[in-house]
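What the coordinates show
Chain residues, written in single-letter form:
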Amino acid sequence: MPERHFPEPWSVEELDSCFVVKDLNGQALAYMYFEKEPRRHRRELLTRDEAQRIAAIFAKLPELLRKPEA
């Protein structure tokens, strides 16, 4: 199986009800969906703030996983 590369930097874009993490070429890597209007009794999706935080951390993965230079 060929090795896949997702060029850095990765960015986060907000759409109607989700955040999308994209690589430098605009390839979508992950979607974090959220509820526009959270319900009191049943929460099936993330809040907007939760989805935004997760997307931001996901977008930092390349730099977090980079091997330190000796």
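Given the structure is predicted, the values throughout are model-derived calculations rather than measurements.

For Asp 23, the location among the structural elements is in the loop between strand S2 (18-22) and strand S3 (28-33). At a separation of 2.9 Å, a polar atom in the side chain of Asp 23 contacts the main-chain amide nitrogen of Asn 25. Here the side chain of Asp 23 touches Gln 27 through a polar contact of 2.9 Å, landing on its backbone nitrogen. With residues up to four places along the chain from it excluded, the contact list for Asp 23 reads Phe 6, Pro 7, Pro 9, Trp 10 and Leu 29.

Note: strands within a sheet are paired through backbone hydrogen bonds, in either parallel or antiparallel orientation. One open sheet holds the 3 strands; their spatial order is S1-S2-S3, and the pairing between them is antiparallel. The two strands at the open ends of the sheet, each matched to only one other strand, are strand S1 (11-14) and S3. Each neighbouring strand pair of the sheet contributes to a mean axis angle of 25 degrees, computed without reference to strand direction.

What follows concerns the packing of aromatic side chains. Under the counting rule described, the total for this entry stands at 3 aromatic pairs. Between the aromatic rings of Tyr 31 and Tyr 33, the centroid separation amounts to 6.1 Å while the plane-to-plane angle is 15 degrees, which identifies the pairing as stacked.

We now examine the pairing of S2. Most of S2 is tucked away, with 4 of its 5 residues classed as buried. Bridge analysis of S1 against S2 gives 4 bridges, and the strand direction is antiparallel. The residue of S2 that forms the bridge with Ser 11 is Lys 22. A loop of 3 residues connects S1 with S2, the two strands running antiparallel in sequence.

Okay, the pairing of S3 next. Note on strand geometry: in a regular strand, side chains alternate between the two faces of the sheet. The sheet contact formed by S2 and S3 spans 5 bridges and is antiparallel. Looking at S3, one finds that Phe 19 is bridged to Met 32. Here S2 folds back onto S3 in antiparallel fashion, the turn holding 5 residues, of which Gly 26 has a positive phi close to 90 degrees.

Before going further, it helps to examine helix H1 (residues 48-59). End to end, H1 covers 16 Å across 12 residues, agreeing with the expected 16 Å (1.5 Å per residue, within 8%). Within the sequence span of H1, burial applies to Ala 51, Ala 55 and Ala 59. Seen from one end, H1 has its buried residues packed into an arc of 65 degrees, which puts them on one side. Looking at H1, the residues exposed on the side facing more than 90 degrees away from the buried face are Arg 53 and Ile 57. Against the buried residues of H1 lie S1, S2, S3 and helix H2 (61-65).

What counts and how
Residues numbered from 1 in each chain as written. Predicted model: local features only at pLDDT ≥ 70, side-chain atom pairs only at ≥ 80, totals over all residues. Heavy atoms only, no water. Helix = DSSP H or I, 4+ residues; strand = E, 2+ residues; numbered from the N terminus. Polar contact = N/O pair within 3.5 Å; in protein donor to acceptor, adjacent residues only side chain to side chain. Contact = heavy atoms within 4.5 Å. Pairing = 2+ DSSP bridges. Axes fitted to C-alpha atoms, helices over the stretch in contact; angles between N-to-C directions. Phe/Tyr/Trp six-rings, centres within 6.5 Å; stacked < 30°, edge-to-face > 60°. Buried < 20%, exposed > 50% of the residue type's maximum accessible area, 1.4 Å probe, protein only. Expected span 1.5 Å × (residues − 1). Arc of directions from axis to C-beta.

Coordinates in, geometry out; function isn't part of it.
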